[in-house]
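Observations on the model geometry
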Amino acid sequence: MIGQTDRTDILIVGSGAAGLTLALRAADFSKVTVLSKSDLREGATFYAQGGIAAVLDEKDSLESHIEDTFNAGVGLCNPDVVRHMISRGAEAVEWLLRQGVPFTTKTNEGKNHSINPDSAKLSSLHLTQEGGHSHRRIIHATDATGKAVFETLRERAAEHPNIKLVEECMAVDLITQCDNDGKRKCVGLYVFNHKSRKVDVIQAKFVALATGGASKTYLYTSNPDGASGDGIAMAWRAGCRVANMEFNQFHPTCLYHPHAKSFLISEALRGEGAMLELSDGTRFMSKFDKRGELAPRDIVARAIDHEMKRSGCDCVYLNITHRQPSFITSHFPNIYERCLKFGIDITKDRIPVVPAAHYTCGGVVINERGETDIDNLYAIGETSCSGLHGANRMASNSLLECFLVAFGAASSISEKIRSVCFSTSIPEWDESEVTNSDDEVLVSHNWDEIRRLMWNFVGIVRSSKRLKMADRRIKTLREEIRDYYRKNRVTIDNLELRNIALVAELVIKCALKRQESRGLHYIIDYPKTEEEAKDTVLSPLTSPRN
Ligand code: FAD
Ligand code: SIN
């Protein structure tokens, strides 16, 4: 439980791969509290399927992984960051093995169970393949890698005496103060406690935002409900720069079924030979890219979007029926079971699929240690923009980034912690001018409108006209939402709405600034990719209104 005013050395907002990794790395030298706005597992991490990219095969090389990452990122990746992260892939996997993550090995591959981590060696791990990778380099735990990672790290964190795990507490806003020399630093957080329905203060020497992405900004998404970009919104309101928000990644293959909310069909199926087809069985990917089904995601999602619009069909199909049923059920047991529940036997039937919003490549500007523009504030994982992904993240590079930036943040904090003290004066949350809402329906209307607006006007293929229309509408919506927020007591829904509206505006602003097509940002008025690649960086200090 969190009390009215609590304190901890390090306050981590988010219990996914990034948050739990930082907690475990920092708990040896400090007291750590990890918050989750709902159940601890409700982040993207738990649902990750394909795996973690790292160079472990002797026929593979770091240079090749680096080159593939650059190619997918279309010139916008930061070369130093890419080299730093990719060259530490094996280090991250070794650490995960030491924590006990049961990855699939070569010997039990195809037997539908994972390994005894005690006997695991890097060279024993089975490697699968995904889009954009020119080698097999994806370490996985069958087709539920995220669940295996999350459950192992949560177990380690729960047994650590210095880690406190807190569910059902939602971070509302960062608390910052200025030093004597005018430098801004983070000193804590306002937190909405679902049970007491009160906003408490938590003081901390360091705060880390590990709140995941913002794909809930779109109507159709592979992400769980909480992906409302809270960390990006909080950091922006506190004064941090954000970058590259126009690069929202659409995963090409989410299950198309009226009752299947947000279910992903892993790219690893295409890695193991699954083909994309139109309803009449025609394959189409070779028309768009010589790598066919294994082209990077931006290309595959755009190709599907094009074919769906051209033919007027509601979905395309993924076909893996040419593989042995035993191969399919042992490599993809969860996808097999889940599809079967919807009446689709993937060993015999083609899988209806559509693209959906999947990953936020942009976010809070950080360096490779997760440090932000504000002292003692870190951003790690999908909420951040480290420079690794550029204009399009390559499959399975995201979890890798979560672990490595969390390692960096832990070492940065360990160097500073002795010189940081708790703040002595933090204002309580002020509720003197708000009442209980008598018009909650406005919140759900606005949620729905924003997500439709983003899907229809800021989607896979964009135009200047539609972006400008979206810009005008989001400004009006934000006015209404700000007004509602000022007058009413906070609830989870109105806090998320406030964040999603802000993040949507940041995406639109970035998209309007980028007058070229690059990676995930395809705009019909500017179809060419400029020679010089530049990040789109926005600063709240120079923006007229937050
Ligand atoms: P998350 O795991 O999303 O965790 C966010 C946490 O923050 C949650 O605990 C949430 O409750 C908490 N939170 C958010 N806001 C607040 C708030 N205001 N207050 C308190 N708590 C808050 N990537 C890969 O590399 N390989 C894959 O195979 C892969 N497969 C994927 C499959 C799916 C279906 C999805 C959706 C994504 C996949 N990705 C994959 C992407 C990857 O899973 C995510 O980028 C990564 O897990 C993000 O981890 P994170 O720790 O940054 O955030
Ligand atoms: C997938 O399994 O297709 C998702 C992988 C990723 O998002 O990196």
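Now for a look at the structure at hand. The structure displayed is predicted, hence computed values, not measured ones. (Residues numbered from 1 in each chain as written. Chains lettered and ligands numbered in written order. Predicted model: local features only at pLDDT ≥ 70, side-chain atom pairs only at ≥ 80, totals over all residues. Heavy atoms only, no water.)

Attention now goes to the site of ligand 1. Of all residues adjacent to ligand 1, which total 38 residues, the nearest are T45, G51, D230, E382 and S398. Between ligand 1 and A44, the relevant distance is 2.8 Å, taken from an oxygen atom to a main-chain nitrogen or oxygen of the residue. Here ligand 1 loses 97% of its free accessible area of 1000 Å² to cover by the protein chains. Breaking the shell around ligand 1 down by element, the ones donating at least two residues are helix 1 (17-26), helix 2 (44-47), strand 7 (169-178), strand 14 (351-360) and helix 12 (397-416). Among the elements that take part in the shell around ligand 1, helix 12 stands out by supplying 4 residues, more than any other. A class-by-class count of the residues in the shell around ligand 1 yields 15 nonpolar, 18 polar and 5 charged. (Near = heavy atom within 4 Å. Polar contact = N/O pair within 3.5 Å; in protein donor to acceptor, adjacent residues only side chain to side chain. Areas by Shrake-Rupley, 256 points an atom, 1.4 Å probe, with all protein chains shown as cover. Helix = DSSP H or I, 4+ residues; strand = E, 2+ residues; numbered from the N terminus. Nonpolar A, V, L, I, M, F, W, Y, C, P; charged D, E, K, R; others polar.)

Around ligand 2, the neighbouring residues are Q49, G50, E130, H251, L264, S266, E267, R297, H358, R393, A395 and S396. Here an oxygen atom of ligand 2 sits 2.6 Å away from a polar atom, N or O, in the main chain of E267. Contacts to ligand 2 include R297, whose side-chain N or O atom sits 3.0 Å from an oxygen atom. Surface burial for ligand 2 is 92%, taken as the share of its 260 Å² of free accessible area covered by protein chains. Of the residues in the shell around ligand 2, the class split is 2 nonpolar, 6 polar and 4 charged.

For the second largest pocket, the calculated volume is near 880 Å³. Lining the second largest pocket are 33 residues, and of these Y220, M308, V354, P355 and W455 lie nearest its centre. Elements supplying a minimum of two residues to the lining of the second largest pocket: strand 11 (248-255), helix 9 (297-311), strand 14, helix 13 (441-457) and strand 18 (461-462). Among the residues making up the lining of the second largest pocket, the classes are represented as 18 nonpolar, 7 polar and 8 charged. (1 Å grid on protein atoms, 1.4 Å probe; cavity = no way out; pocket = protein on both sides within 12 Å on 5 of 7 lines; lining within 4 Å. Points joined across faces, edges and corners; volume = space filled by probe spheres on them.)

Inspection of the secondary structure assignment puts T491 in the loop between helix 14 (464-487) and helix 15 (492-513). By relative accessible area, which is 13% here, T491 ends up buried. Here the side chain of T491 touches N494 through a polar contact of 3.1 Å, landing on its backbone nitrogen. With residues up to four places along the chain from it excluded, the contact list for T491 reads F192, R197 and E440. (Buried < 20%, exposed > 50% of the residue type's maximum accessible area, 1.4 Å probe, protein only. Contact = heavy atoms within 4.5 Å.)

Looking now at the packing of aromatic side chains. Evaluated as defined, the whole model comprises 8 aromatic pairs. On the numbers, 5.4 Å between centres and 75 degrees between planes, the contact of W95 with F407 is edge-to-face. One end of the pair, W95, is in helix 5 (residues 89-99); the other, F407, is in helix 12, with 312 residues separating them in the sequence. Like W95, the residue F407 is buried in the burial classification. Judged by centre distance (5.9 Å) and plane angle (65 degrees), the ring pair of F250 and W455 falls under edge-to-face. Separated by 205 residues along the polypeptide, F250 in strand 11 and W455 in helix 13 bring together distant segments of the chain. Note on W455: relative accessible area 23%, which makes it partly exposed. (Phe/Tyr/Trp six-rings, centres within 6.5 Å; stacked < 30°, edge-to-face > 60°.)

Before going further, it helps to examine the pattern of salt bridges. Charged atoms that come close allow side chains of opposite charge to pair. Summed over the entire model, instances satisfying the criterion amount to 43 salt bridges. A salt bridge links R350 to E277; the nearest nitrogen and oxygen atoms lie 2.8 Å apart. Within this pair, whereas R350 is found in the loop between helix 11 (333-341) and strand 14, its partner E277 is found in strand 12 (residues 275-277), the two being separated by 73 residues in sequence. A residue is classified by how much of its surface remains accessible, and E277, at 7% relative accessible area, is buried. (Salt bridge = Lys/Arg side-chain N within 4 Å of Asp/Glu carboxyl O.)

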